[in-house]
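These are the residues of each chain, in order.
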Amino acid sequence: MRTVDERARELTPPSTPALRLRGISKRYGPVVASDDVDLDVEHGEIHGLLGENGAGKSTLMKILLGLVQRDSGTIMRGDTPVDVHNPQAAVALGIGMVHQHFSLIDALTVWENVILGDTGRIDRAAACRQVEEVSRRYGLPIDPAARVDRLSAGERQRVELIKCLRRDPSVLILDEPTSVLTQAESAELFTVLRHVVRAENRAVILISHKLAEITAATDRVTVLRKGRVVFHSATRDTTPPELARWMVGRDVSLRAEGAALGMLPVDGAPPAGTAPAETASPGTPPSEDTPPTEPPAEPPAEPAAAPAPPAVAAAPGVPSGGAATEIVPALRLSGLTVTTDGVTVLSDLSLDVAPGEIVGLYGVEGNGQSTLGDLLSGLLLPASGTVELAGRPVELERPGALHRAGLGIIPEDRHSSGVVLDMSVAENLVMKSVGDVSGRGFVSRRKMHAVARRLAAEFNIVAPSLDAPVRSLSGGNQQRVVLARELSAGPCVLVAAQPTHGLDVGAIEDMYRRLREAASGGVAVLLISTELEEVMALASRIAVISSGRITGVLPTAEATAERLGMLVGGVAA
Amino acid sequence: MTATSPGAPSGTGRRLLGLLAPRTYGWQTPAATAVAVLAALALSSALIAVTGGSPSASVQALYQGSMADWTAWTSTLLYTAPLLLVAVGACVSARSGLFNIGQEGQVLIGALAAAWVGLRLAITGPALLVLMLLAAALAAGAWAGLSSLMHRLRGVNVVVSTMLMTFVAQQVVAYAVNMPWLLQESRVGNAPVSPQSNPMPPSGLLGSFGEYPGLQVNGGLILAVGAAVLVAVAITRTPWGFRLTMLGRNPLAAKHAGVRVNALGGAALAISGALAGLAGAVLLASPVGVNRLQPGMAMNIGWDGLLVALVARNRPLAAVPVALLFGVLRSGGGFLAATGVPSFLVDVVKALLVLAFVAPPVVVALARRRRSGGRTAGPRQEAAPVAEEAIA
């Protein structure tokens with residue numbers, strides 16, 4: 001093994017960039033993931049790569065690592081064009097990556113994880129020595145004999161770093177490295193990176209959506225949007241507001257104005273008497289024969305808990321601006337804190353949603369949204385904080401308490417907790433109200449089918465039959481099953497987590513229409529989404545979540561690209 | 001093609017295709033099963049021929065021992081009852097997604113509890129039998145419940161713990177029949193004492209219907225069939241069964257829908273144990289054995305009962321004929337061994353038949369997936385949006 005000094009000498013400038021990308025493009029079918037991207041990364045610099053979800057950061061890095069093949073463009077190491085066919089080639093070229101989600105095996109020790117993938121005889125002593133050597137050199141204290149599942153998130157990240165640095169990469173890529181770290185651990189990490197860059201002249205690419213991090217830690221920054229490089233600058237020549245604007249995009253403000261003028265566009269009543277099945281086709285939102293604003297015809301008897309929607313329907317549909325506080329909020333989250341493995345995933349999160357209002361919870365993926373979704377699905381309990389529905393606190397530890405209190409939810413991952421794929425459409429539709437379709441101790445198939453038929457017609461669910469397993473339905477129809485079930489219980493609050501994820505255009509339009517109808521029927525809707533367009537199109541207020549806390553709540557009319565970008569980046573605007 | 005195929009653009013077209021989908025493969029599984037069973041029988045005959053026996057004589061012997069006359073039928077039904085009880089219990093736990101495979105031990109614990117009640121409590125009349133059955137169900141249910149407790153408190157895998165508890169159960173029964181103060185038989189004069197209990201008192205035996213030379217139907221069989229019907233109704237028709245199925249198919253969704261996941265899973269495990277325990281009591285109290293508690297009295301009924309549930313695909317009513325088939329193999333197998341064919345061949349035949357019933361659905365599903373180019377209706381439909389995720 002060459003010593004670091006030799007390596008460093010070898011790397012010191014000829015002033016050509018360590019890595020040069022020219023015209024890199026990659027498309028997946030109609031989706032352009034990477035569009036003619038140019039990128040230069042110099043030796044001895046930390047290069048920030050900023051962008052929202054889906055901006056093309058990860059695709060670019062996967063191309064560099066040989067995990068994805070580019071359609072066109074050149075990759076140059078120094079002055080020579082290279083080809084990265086596979087991850088081994090990337091390693092040979094000195095490109096190493098620390099992934100956002102750890103690729104460690106819990107049951108193995110640190111040194112075992114570090115040498116994983118090596119060939120040849122296993123030499124425990126040598127491996128441990130090497131781990132210790134690397135950890136000393138970079139100030140990453142770790143016990144090589146410790147089992148990984150006993151380590152904190154920060155320590156695991158250290159192991160990932162050691163694993164990567166041990167191969168002596170000249171270009172080091174870190175993908176959202178601080179997403180699971182505490183503040184102190186993040187600071188530590190950046191100290192190490194500084195060292196790696198300054199003392200050893202390596203190049204570091206730091207992928208992040210956190211503005212503070214980018215401005216504090218990088219030398220130069222490139223902003224990606226929709227697969228393109230939209231901005232490039234030395235970090236000291238730019239400001240967080242400017243970066244925010246570039247990251248979120250200029251067209252947002254236009255949309256915001258549109259939304260402000262129209263406020264909540266509620267669809268007019270569709271032509272009555274149209275048979276739903278014939279008109280249903282992707283692209284056109286299917287019409288239906290019941291007026292949209294009518295709450296479900298016969299809300300299943302849930303006498304004690306569920307407040308009837310009509311009672312709140314009389315309240316003014318949308319409170320203008322943020323003045324939602326005069327009425328009792330239908331949903332009040334206060335001080336919710338969730339900690340897993342020592343990392344605070346949700347931190348003192350508080351949010352109110354008034355009856356008839358759609359509040360969008362917007363943020364980059366992985367900032368606590370799925371944890372909030374799980375919490376509101378009753379799948380996990382907060383360390384502290386309360387959930388109140390219509391002014392009454394919910395006993396979260398009782399199974400099904402949220403549902404009984406009148407909270408409906410479209411979970412983020414419908415396959416894992418929204419539906420039971422192997423049970424029938426009818427069974428999935430009555431899943432939460434089996435009691436209502438049973439009499440004298442038995443489930444009545446007749447009643448179940450009657451309910452299912454009504455809901456399938458009302459929500460335009462296209463299924464081979466009501467007895468067909470939900471597995472055989474399209475994604476859009478599966479989502480309609482979830483929506484129909486949740487709304488049929490007559491909830492006072494509907495939480496929709498990424499409700500249009502993976503749906504086609506027609507199904508998305510349908511979902512938007514249903515959410516608006518629900519809101520105009522008096523239901524408080526909390527829309528958790530990473531799609532800004534979705535939030536802008538539906539919500540009257542936007543709450544931005546970053547690192548598990550609400551960084552700001554804006555009326556949609558006032559949500560400019562810059563302010564949203566700052567909030568998303570974790571900077572109060 | 002399925003309802004979710006991107007190649008079907010119009011809503012009506014998709015609906016039509018969807019209507020066709022479930023019917024196109026309805027006949028394939030039964031057909032494949034028939035072929036597999038024939039293959040298993042052919043292979044079995046070949047095996048018998050290779051080991052020097054005559055396949056036709058063997059079939060004859062199997063028939064003689066299990067179905068040829070009332071005596072043979074009586075013996076077949078005596079085996080069927082405990083097999084069915086175990087299988088019905090296995091259906092309950094498998095439906096909940098918790099696989100109890102420790103029935104062999106639960107059978108023994110049930111027999112132990114029944115024997116203790118029968119021999120140590122001074123009760124006479126029909127109450128004794130009822131108490132024996134109750135004790136067997138409670139003890140074995142609690143025994144299986146221990147596994148559920150281990151799972152909940154320490155995350156111990158249920159499959160592993162139920163199986164290992166079998167070996168503990170065997171030791172417990174062996175201890176009980178070796179300790180005079182517990183259940184070992186009383187010394188009579190200077191005769192050597194065996195590791196077994198005293199025989200059950202007459203009021204602790206399950207009666208039979210029918211006269212000796214004719215067909216005798218033991219009370220155990222009625223109990224077993226009753227349990228099968230009861231469990232079948234409970235699983236398919238009650239809200240409880242609905243929740244149980246939900247739990248088994250998607251625990252997360254069940255929890256989300258407000259099911260008390262731990263309590264329901266624990267109950268399912270305990271019920272499956274209780275039914276295995278009843279099987280133990282039936283083994284002890286019916287004329288299938290010697291009506292004494294013996295360490296070897298479970299006779300692999302626990303394991304075979306699991307196979308019955310496997311072949312019946314966890315449907316309690318389907319388990320009735322399957323248990324009968326296994327009863328035939330058991331009582332016929334004993335007779336077959338007497339004709340000189342090695343008795344382990346019966347076990348091989350049994351294994352081949354189990355494979356013939358279990359494999360076809362899987363094979364058909366795999367073939368279907370391959371034919372549709374790796375696209376199935378369910379999770380795969382997300383294939384298109386994946387491209388978007390890749391950009392993130």
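Since we're looking at a predicted model, the values are computed, not measured. Here the residue numbering is sequential within each chain, running from 1 through the sequence in written order. Going through the entries in the order they are written, you letter the chains from A and number the ligands from 1. Confidence filtering applies because this is a predicted model: local features only for residues at pLDDT of at least 70, side-chain atom pairs given and counted only at 80 or more, and all residues used for totals across whole chains, interfaces and linings.

K.L.:
I would appreciate a short explanation of the overall build of chain B in the present structure.
P.N.:
Counting secondary structure elements, chain B contains 15 helices and two strands. Exposure in this text rests on C-beta crowding, where 20 or more other C-beta atoms within 10 Å of a residue's own make it buried, 12 or fewer make it exposed, and counts in between make it partly exposed. The C-beta atoms are placed from the backbone. For chain B, the residues scored as buried account for 45% of the 392 residues in total. Any pair of residues counts as being in contact when their C-beta atoms, constructed from backbone geometry, are within 7 Å of one another. Restricting to contacts in chain B with at least 6 residues of sequence separation, those with at least 24 account for 74%. Labels follow the DSSP assignment, with helices taken as runs of H or I lasting at least four residues and strands as runs of E lasting at least two, numbered in each case from the N terminus.

K.L.:
Even after reading the chapter, I still don't get the overall build of chain A, so can you show me in this structure?
P.N.:
From N to C terminus, chain A includes 21 helices and 22 strands. Burial statistics for chain A: of 573 residues in total, 51% are counted as buried. For chain A, the proportion of contacts with a sequence separation of at least 24, taken over those separated by at least 6, is 70%.

K.L.:
Just to check I follow, could you spell out the pairing of strand 21 (residues 541-546) of chain A for this structure?
P.N.:
Each regular strand carries side chains that alternate between the two faces of the sheet. All names here are of chain A. Extensive coverage of strand 21 is indicated by the burial of six of its six residues. Of the two faces of strand 21, both are covered, the one formed by R541, A543 and I545 as well as the one formed by I542, V544 and S546. Any two strands with at least two DSSP-identified bridges between them are counted as paired. Where strand 21 hands over to strand 22 (residues 549-555), the hairpin turn is made up of two residues, of which S547 adopts a positive phi near 50°.

K.L.:
What is the right way to read the pairing of strand 9 (residues 220-225) of chain A from this model?
P.N.:
All names here are of chain A. Counting buried positions along strand 9 yields five of six residues, so the element is predominantly enclosed. One ladder, built from four bridges, connects strand 3 (residues 46-50) with strand 9; its direction is parallel. Across the sheet, residue H47 finds its bridge partner in strand 9, namely R220. Inspection of the sheet shows strand 9 paired to strand 10 (residues 228-234) by six bridges, in the antiparallel sense. Across the sheet, V223 pairs through a bridge with F231, a residue of strand 10. Where strand 9 folds back on strand 10, the antiparallel hairpin that results is connected by two residues, among which K226 adopts a positive phi of roughly 50°.

K.L.:
Honestly, the environment of G475 of chain A in this entry has me stumped. Any pointers?
P.N.:
Inspection of the secondary structure assignment puts G475 of chain A in helix 18 (residues 475-488). Separated by 26 residues in the primary sequence, G475 of chain A and H501 of chain A have C-alpha atoms spaced 9.3 Å apart.

K.L.:
Just checking my understanding: could you explain the packing of helix 4 (residues 70-95) of chain B against helix 12 (residues 301-311) of chain B for this structure?
P.N.:
Think of two packed helices as two axes; the pair is described by the angle between the axes and how far apart they sit. Residue and element names in this part refer to chain B. Fitted lines through C-alpha atoms give the axes, limited to the stretch in contact for helices. The angle between two N-to-C directions lies from 0 to 180 degrees. Their axes nearest at 7 Å, the elements helix 4 and helix 12 cross at an angle of 60°. On the basis of the axis angle, helix 4 is oblique to helix 12. Along this stretch, helix 4 crosses helix 12, giving a crossing that reads as right-handed. Across from P82, L83, V86, A87, A90, C91 and A94 in helix 4, the residues of helix 12 making contact are I301, G302, D304, G305, L306, V308 and A309. Three categories are distinguished: nonpolar for Ala, Val, Leu, Ile, Met, Phe, Trp, Tyr, Cys and Pro, charged for Asp, Glu, Lys and Arg, and polar for the others, with Gly belonging to the last. Tallied by class, the residues present in the contact of helix 4 with helix 12 amount to 11 nonpolar, two polar and one charged. Oblique is the label for any angle not covered by the other classes, which are roughly parallel (under 35 degrees), roughly antiparallel (over 145) and roughly perpendicular (65 to 115). Each helix crossing is assigned a hand: it is left-handed if the near helix lies turned anticlockwise from the far helix by less than a right angle, otherwise right-handed if that turn is clockwise.

K.L.:
Which parts of the structure should I look at to understand helix 12 of chain B?
P.N.:
Residues that lie three or four places apart on an α-helix share one face, since the helix turns once every 3.6 residues. Counting buried positions along helix 12 of chain B gives nine out of 11 residues, so the element sits mostly inside the fold. When we look at burial in helix 12 of chain B, the residues that qualify are I301, G302, D304, G305, L306, L307, V308, A309 and V311 of chain B.

K.L.:
What should I look at first to understand the sheet that holds strand 11 (residues 331-340) of chain A in this one?
P.N.:
Strand pairing in a sheet relies on backbone hydrogen bonds, with the paired strands running either antiparallel or parallel. One open sheet accounts for four strands, arranged 12-11-14-15 (chain A); its pairing is antiparallel. Lying at the two open borders of the sheet, with one neighbouring strand each, are strand 12 (343-353) and strand 15 (392-393) of chain A.

K.L.:
How should the environment of S370 of chain A be read in this particular structure?
P.N.:
Residue and element names in this part refer to chain A. Mapping S370 onto the fold places it in helix 13 (residues 369-376). The exposure class assigned to S370 is partly exposed, which follows from the 17 C-beta atoms found within 10 Å. Taking the C-alpha atoms as reference points, S370 and D413, 43 residues apart in sequence, are found 9.2 Å from one another.

K.L.:
Looking at this structure, I do not really get the sheet that holds strand 3 of chain A. What am I missing?
P.N.:
All names here are of chain A. Sheet architecture is open: six strands sit in the order 6-7-8-3-9-10, paired in mixed fashion. Of all strands in the sheet, those with a lone pairing partner are strand 6 (95-98) and strand 10, marking the two edges. In this sheet, neighbouring strand axes are inclined to one another by 20° on average, regardless of whether the strands run parallel or antiparallel. Seen against the sheet, helix 6 (residues 153-165) touches strand 6 and strand 7 (171-175) and runs at an angle of roughly 175° to strand 6. Against the sheet, helix 9 (residues 240-248) makes contact with strand 3, strand 9 and strand 10, and its axis sits at roughly 30° relative to strand 9, the strand it touches most.

K.L.:
Help me understand unusual backbone geometry in this model?
P.N.:
Phi is positive for D168 of chain A, close to 60°, though the residue is something other than glycine. By the element assignment, D168 of chain A lies in the loop between helix 6 and strand 7. By the C-beta count within 10 Å, which is 16 here, D168 of chain A ends up partly exposed. For R313 of chain B, which is not glycine, the phi torsion reads 50° and is therefore positive. For R313 of chain B, the position within the fold is in the loop between helix 12 and helix 13 (316-338).

K.L.:
Help me understand the confidence of the model for chain B in this model?
P.N.:
When pLDDT is low, close inspection of the predicted coordinates is not appropriate. Summarising the model, chain B shows a mean pLDDT of 84, and 88% of its residues fall at 70 or more. Across the predicted assembly, pTM comes out at 0.69 and ipTM at 0.78. Every residue is assigned a pLDDT by the predictor, reflecting its confidence on a scale from 0 to 100.

K.L.:
I tried to follow the packing of helix 4 of chain B against helix 11 (residues 261-285) of chain B on my own but got confused; where do I start?
P.N.:
All names here are of chain B. The geometry of helix 4 relative to helix 11 is characterised by a closest axis approach of 7 Å and an angle of 175° between their N-to-C directions. For the element pair helix 4 / helix 11, the angle class is roughly antiparallel. Of helix 11, the residues touching helix 4 (which contributes A81, P82, L85, V86, V88, G89, A90, V92 and S93) are A268, L269, I271, S272, G273, L275, A276, L278, A279, V282 and L283. By residue class, the composition of the contact of helix 4 with helix 11 is 16 nonpolar, four polar and no charged.

K.L.:
Could you clarify how one ought to interpret helix 7 (residues 158-176) of chain B in this entry?
P.N.:
Residues and elements named next belong to chain B. A helix's residues, less one, multiplied by 1.5 Å, set its expected span. Its 19 residues give helix 7 an end-to-end C-alpha distance of 26 Å, which sits within 8% of 27 Å, the value for a rise of 1.5 Å per residue. Inspection of helix 7 places V158, S161, T162, M165, T166, A169, V173 and A176 among the buried residues, and these make up the whole buried set. In this structure, the buried residues of helix 7 make contact with helix 5 (103-120), helix 6 (126-154) and helix 11.

K.L.:
Help me out: how do you make sense of the environment of I109 of chain B in this one?
P.N.:
Residues and elements named next belong to chain B. Mapped onto the fold, I109 is located in helix 5. Among the residues examined, I109 registers 29 C-beta atoms within 10 Å and is labelled buried. Expressed as a C-alpha distance, the spacing of I109 and V168, which sit 59 residues apart in the sequence, is 10.0 Å. Ignoring anything within four residues of it in the chain, the contact list for I109 reads A139, A140, W143, A169, G277 and G280.

K.L.:
Help me understand the confidence of the model for chain A in this model?
P.N.:
Put simply, chain A has an average pLDDT of 79, and 82% of its residues get 70 or more. A low-confidence stretch, residues 251-325 of chain A stays under pLDDT 50, and its non-local contacts, those more than four residues away or across chains, total 136 contacts.

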